[in-house]
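Descriptive structure summary
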Amino acid sequence: MTYQPIIPFSGYAGWVVLQNTKENQQAAFNQSVTMQREVEYFRENISQITSAEDLVSDYKLLKVALGAFGLDDDINNKFFIEKVLNDGTLNSDSLANKLTDKRYLEFSEAFGFGDFETPNTVLSAFPDEIVSAYQEKQFQIAVGEQNEDMRLALNLKDELSTLVAKDTTDNGRWYSVMGNEAMRTVFETALGLPSSISNLDLDQQLTIFRDKAAQYFGDTEITQFENPESQEDLIKLFLIRAELNSGTSSTSSASNALALLSAS
């Protein structure tokens, strides 16, 4: 049996409750029979995997490996995943580097099949790193089954921390946001942008995102969200707008909250 997260409210009120109870809820989720069985198998067997072909041939291991990076839906795309892993990340022409969704780059980099003669799967710390990421992502999915906006907010905290620390340009960070469906949804919603802007030229999109970020948060760069307060402001604005858009909240209270945030 799998633990079902408890989210008593929608919107920002629900987010506050989830944040205050997440540690205990995550622990209960990790102790569920299904999760224990999956991670135990991964820990016991991953060190025997020395090639991408080996990994994609073991459904149980591949499930955890993909799930740790939020790539659960690719479980049956074995040829594609094997190609991503075998190409590695060091060559600019590798598949992972060409894909817009940079989760594949992180996935390939983590396992190291295409980058090193000896993959990372044999390292002693590797199982715990992947298992921890898997448990976190699966908890987010379980939260999403209760409230998708909460899942996006949880995912954002993880993604932003990684993105801010990434050795890339300011523009590169924005392009990463635009290329990540979950993060893009949060930013588009928080900044009041229609999803149709994805049809515009990338440089035009970049300008729009920067201008709106400056309007609402006083800074054009993603690095501003390294500050926990700024990150929380982004999540708050996202959840308020999302609730207002869905019509699940009192229109007046959500509108008033949005007005206060917009004016700050």
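Scope of this entry: the structure provided in the associated data block. (Residues numbered from 1 in each chain as written. Predicted model: local features only at pLDDT ≥ 70, side-chain atom pairs only at ≥ 80, totals over all residues. Heavy atoms only, no water.)

**Focus: helix 2 (residues 33-45)**
- Helix length check: helix 2, at 13 residues, gives a terminal C-alpha distance of 19 Å against a target of 18 Å (1.5 Å per residue), a fit within 8%.
- Of the positions making up helix 2, those classed as buried are Met 35, Glu 38, Val 39, Phe 42 and Asn 45. Seen end-on, helix 2 carries its buried residues on one side only, within an arc spanning 145°. The exposed set on the far side of helix 2, more than 90 degrees from its buried face, consists of Val 33 and Arg 37.
- Looking at the buried side of helix 2, the elements it contacts are helix 1 (11-30), helix 4 (59-67) and helix 8 (126-146). (Helix = DSSP H or I, 4+ residues; strand = E, 2+ residues; numbered from the N terminus. Expected span 1.5 Å × (residues − 1). Buried < 20%, exposed > 50% of the residue type's maximum accessible area, 1.4 Å probe, protein only. Arc of directions from axis to C-beta. Contact = heavy atoms within 4.5 Å.)

**Remarks on the packing of aromatic side chains**
- Per the counting criterion, the structure on display carries ten aromatic pairs.
- Between Phe 80 and Tyr 104 the ring centres are 5.3 Å apart and the planes differ by 80°, which places this aromatic pair in the edge-to-face class. Within this pair, whereas Phe 80 is found in helix 5 (residues 78-87), its partner Tyr 104 is found in helix 7 (residues 103-111), the two being separated by 24 residues in sequence.
- Aromatic pair Phe 217 and Phe 225: ring centres 5.3 Å apart, planes at 80°, arrangement edge-to-face.
- The class for Phe 225 is buried, based on a relative accessible area of 1%.
- Ring pairing ties together the aromatic residues Phe 69, Phe 107, Phe 111, Phe 113 and Phe 126, which thus form one cluster.
- The lysine or arginine in question, Lys 60, covers the ring of Tyr 41, its NZ or CZ lying 5.0 Å from the ring centre. (Phe/Tyr/Trp six-rings, centres within 6.5 Å; stacked < 30°, edge-to-face > 60°. Lys NZ or Arg CZ within 6 Å of the ring centre and 35° of its normal.)

**Notes on the pattern of salt bridges**
- The tally for this structure, following the rule as stated, stands at ten salt bridges.
- Measuring nitrogen to oxygen at the nearest pair gives 2.6 Å for the salt bridge that ties Glu 148 to Arg 151. One end of the pair, Glu 148, and the other, Arg 151, are both in helix 9 (residues 148-165), three residues apart, so they sit about a helical turn from each other.
- For Glu 148, a relative accessible area of 38% corresponds to the partly exposed category.
- One salt bridge in this structure joins Arg 210 and Glu 221, with 2.6 Å as the shortest N-O distance. Of this pair, Arg 210 sits in helix 12 (residues 202-217) while Glu 221 sits in the loop between helix 12 and helix 13 (228-246), placing them eleven residues apart in sequence. (Salt bridge = Lys/Arg side-chain N within 4 Å of Asp/Glu carboxyl O.)

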